[in-house]
Amino acid sequence: MIYLITFGISCGLFVLSESKYLKKKKCLKVIFAVLAITVPSLLAGLRDSSVGTDVEVYGNFWFEYTQRMKFLRYIEFAKSCSIGVVYALLNYIVGLFTDDTKIYYFVLSFVETGLIYIGVKMFNGLDRKSLFNNKLVLNDNNKISLPFAMFCYYTIFYNNTLNLLRQFLAVCFVFVAYMFIMKKKYVVSVLILMVAFLSHNSALFSFLLIPIFIISNEKLKSREKVYIFNIILFCSISLVMILYKPVLMLFISKGILSSRFLTYMEGTVVGGRMIRTVFWVILAVLGYIAFPKMINYQKESKFIISCITTSFAFSFVMFMGNVYAIRMAFYFDLASLIFIPMIPKIYKLDYKGIRLKYGMYVFLIIVLIARWYLEYVRSNNGQTFPYKFIQF
């Protein structure tokens, strides 16, 4: 299967890039990293326009408009159609060099995958101190495996990037903002979140990440208070989203959201509801079971658990039939790219007293592939399967 082969090749190149044997050969490390990002980007660029619903809905013709309009007129037209300025700007910049949509989709995917890569590298560079004992708790160089984190990205998000073109540009910017939030660089994180908002206006909800971090990581000093906060967070989001129609109407009336979102007042069909709900229930349960170990492993874990709780709440609401919940959930789903790779660092698998060094990784890879198959192959969420190459 072309997707899994691509994911495997890319992650293999990331393994080479992160190899300790190349520690002093930075040029080779960079080359392997760039090649790893290029592989899935080529798959995105060479796909037929039938792969991904939004490609033919707006993707192709918005890029084609770059050849017909001057810059200012193009940007104004984009704004009048509720197309994010940053997304339109990327279209226009690529359009200055080529009129080939294949190249644009390659560049878009390269930027998105590159942002995720940068985010993971930044996370591994965060100050590694436990919350409660303030001691260094890691002996290895990385808090999480970068190749495995990228595999999580590919199996959870990649197919959506082929469909939700504008929003996933915003989602990838938000992932970088996560890292600045955890570094307490709030001004920089707000600026990046603004870029995300200017890519897709649904990113407005990602600004909630800052107060969630401040409350969960800075204000709550005991585990019991963290549990209570997450219960309140889950109940509040669930209640608001179940009563979402007045909220949605308010955002539309204020011009924050386009009138196009009136369609979410009527839609009740959501693909992959059961798959998503079960997946996030499992993650939430794992998170709360592993909570004490996670806190001792990484002090930002309280924030990550709160994001997992938020995604769980949106998944619950989505299961109840709220179509728009999934749009907001994506920004909090990003926490899974940190949480899931953290699991093998916390839990080790043993067989008859023999520790299986990579056993947990193998188990999680199987789970992630199964989830990817159910959502993107069996349910065909986003119409990205079967993959078809473009006809030259």
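In case you missed it, the structure is sitting above this.
First, a word on what this report is: a plain description of the structure on this page.

### Quick word on the overall build of the chain
For the chain, the helix and strand inventory stands at 18 helices and two strands. A buried classification covers 54% of the 392 residues belonging to the chain. Across the chain, every contact between residues at least 6 apart in sequence was considered, and the portion connecting residues at least 24 apart equals 75%. Total accessible area on the chain stands at roughly 17,800 Å², and carbon and sulfur atoms take up 68% of it.

### Focus on the environment of Val39
With respect to the secondary-structure elements, Val39 resides in helix H2 (residues 26-45). On the basis of relative accessibility, which here comes to 22%, the residue Val39 falls in the partly exposed class.

### Digging into helix H15 (residues 301-319)
In an α-helix there are 3.6 residues to a turn, and that puts residues three or four apart on one side. In this model, H15 (19 residues) spans 27 Å end to end at C-alpha, consistent with the 27 Å of a helix rising 1.5 Å per residue. Burial runs high along H15: 16 of the 19 residues are buried.

### Focus: the nonpolar core
Tyr178, Phe303 and Ile340 are the most contacted members of the largest nonpolar core, which has 121 residues in total. With 15 residues, helix H8 (residues 165-182) is the largest single contributor of residues to this core. Leave out the neighbours within four places in its chain, and Phe303 touches Tyr178, Ile181, Met182, Leu209, Ile212, Phe213, Ser216 and Asn217.

### So, the packing of helix H7 (residues 146-161) against helix H17 (residues 336-346)
Contact geometry for H7 and H17: axes closest at 9 Å, N-to-C directions at 130 degrees. Between H7 and H17, the interaxial angle falls into the category oblique. Judged by the sense of rotation from one axis to the other, the crossing of H7 with H17 is right-handed. Between H7 and H17, the residues in contact are Phe148, Ala149, Cys152, Tyr153, Ile156 and Phe157 and Ser336, Leu337, Ile340, Pro341 and Pro344, respectively. Looking at the contact of H7 with H17, its residues break down into 10 nonpolar, one polar and no charged.

### Side note on the packing of aromatic side chains
Under the defined criterion, the tally for this structure stands at 35 aromatic pairs. One residue, Arg47, lies across the ring of Tyr105, its end atom 4.7 Å from the ring centre. Sitting above the plane of the Phe123 ring, Lys143 keeps its charged end 4.2 Å from the centroid.

### Focus: the side chain of Lys102
Looking at the element boundaries, Lys102 is found in helix H6 (residues 101-124). By relative accessible area, Lys102 is classed as buried at 18%. Apart from residues no more than four positions distant in its own chain, Lys102 is found in contact with Gly45, Ile390 and Phe392.

### Digging into the pattern of salt bridges
On inspection of all chains with the given rule, the structure shows five salt bridges. Between Lys102 and Asp100 there is a salt bridge; the shortest N-O distance is 3.0 Å. What makes Asp100 partly exposed here is its relative accessible area of 22%. A salt bridge links Glu375 to Arg371; the shortest N-O distance between them is 2.6 Å. With Glu375 and Arg371 both in helix H18 (residues 359-378) and four residues apart, the pair spans about one turn of that helix. Accessibility assignment for this pair places Glu375 and Arg371 in one class, buried.

### Comments concerning the side chain of Thr384
Mapped onto the elements of the fold, Thr384 is located in the segment after H18. Once residues within four sequence positions are removed from consideration, Thr384 is found in contact with Tyr3, Val51, Gly52, Asn159, Leu162, Asn163 and Tyr376.

### Structural notes on the environment of Leu364
As for its position among the elements, Leu364 is in helix H18. Taking the C-alpha atoms as reference, Leu364 lies 8.7 Å from Pro344; in sequence the two are 20 residues apart. If near-sequence neighbours (up to four positions away) are discounted, Leu364 is found in contact with Phe148, Ile340, Ile343 and Pro344.

### Observations regarding the environment of Thr38
Secondary-structure assignment places Thr38 in helix H2. Separated by 76 residues in sequence, Thr38 and Gly114 have C-alpha atoms that sit 9.2 Å apart. Only 2.7 Å separates the side chain of Thr38 from the backbone oxygen of Val34, close enough to count as a polar contact.

### Observations concerning a nonpolar patch on the surface
On the surface, Leu239, Ile242, Leu243, Met274, Val278, Ile282, Leu286, Phe316, Phe319 and Met320 cluster together into a nonpolar patch covering about 910 Å² of accessible area. Contributions of two or more residues to the nonpolar patch are made by helix H11 (223-242), helix H13 (273-289) and H15. Looking at the nonpolar patch element by element, the count peaks at four residues for H13. Topologically, Met274 is positioned in helix H13.

The rules behind the values
Residues numbered from 1 in each chain as written. Predicted model: local features only at pLDDT ≥ 70, side-chain atom pairs only at ≥ 80, totals over all residues. Heavy atoms only, no water. Helix = DSSP H or I, 4+ residues; strand = E, 2+ residues; numbered from the N terminus. Buried < 20%, exposed > 50% of the residue type's maximum accessible area, 1.4 Å probe, protein only. Contact = heavy atoms within 4.5 Å. Areas by Shrake-Rupley, 256 points an atom, 1.4 Å probe, with all protein chains shown as cover. Expected span 1.5 Å × (residues − 1). Core = buried A, V, L, I, M, F, W, Y, C linked by side-chain atoms within 4.5 Å. Axes fitted to C-alpha atoms, helices over the stretch in contact; angles between N-to-C directions. Parallel < 35°, antiparallel > 145°, perpendicular 65-115°, else oblique. Left-handed = near helix turned anticlockwise from the far one by under 90°. Nonpolar A, V, L, I, M, F, W, Y, C, P; charged D, E, K, R; others polar. Phe/Tyr/Trp six-rings, centres within 6.5 Å; stacked < 30°, edge-to-face > 60°. Lys NZ or Arg CZ within 6 Å of the ring centre and 35° of its normal. Salt bridge = Lys/Arg side-chain N within 4 Å of Asp/Glu carboxyl O. Polar contact = N/O pair within 3.5 Å; in protein donor to acceptor, adjacent residues only side chain to side chain. Patch = residues over 30% accessible without salt bridge, like charges linked within 9 Å, V, L, I, M, F, W, Y side chains within 5 Å.

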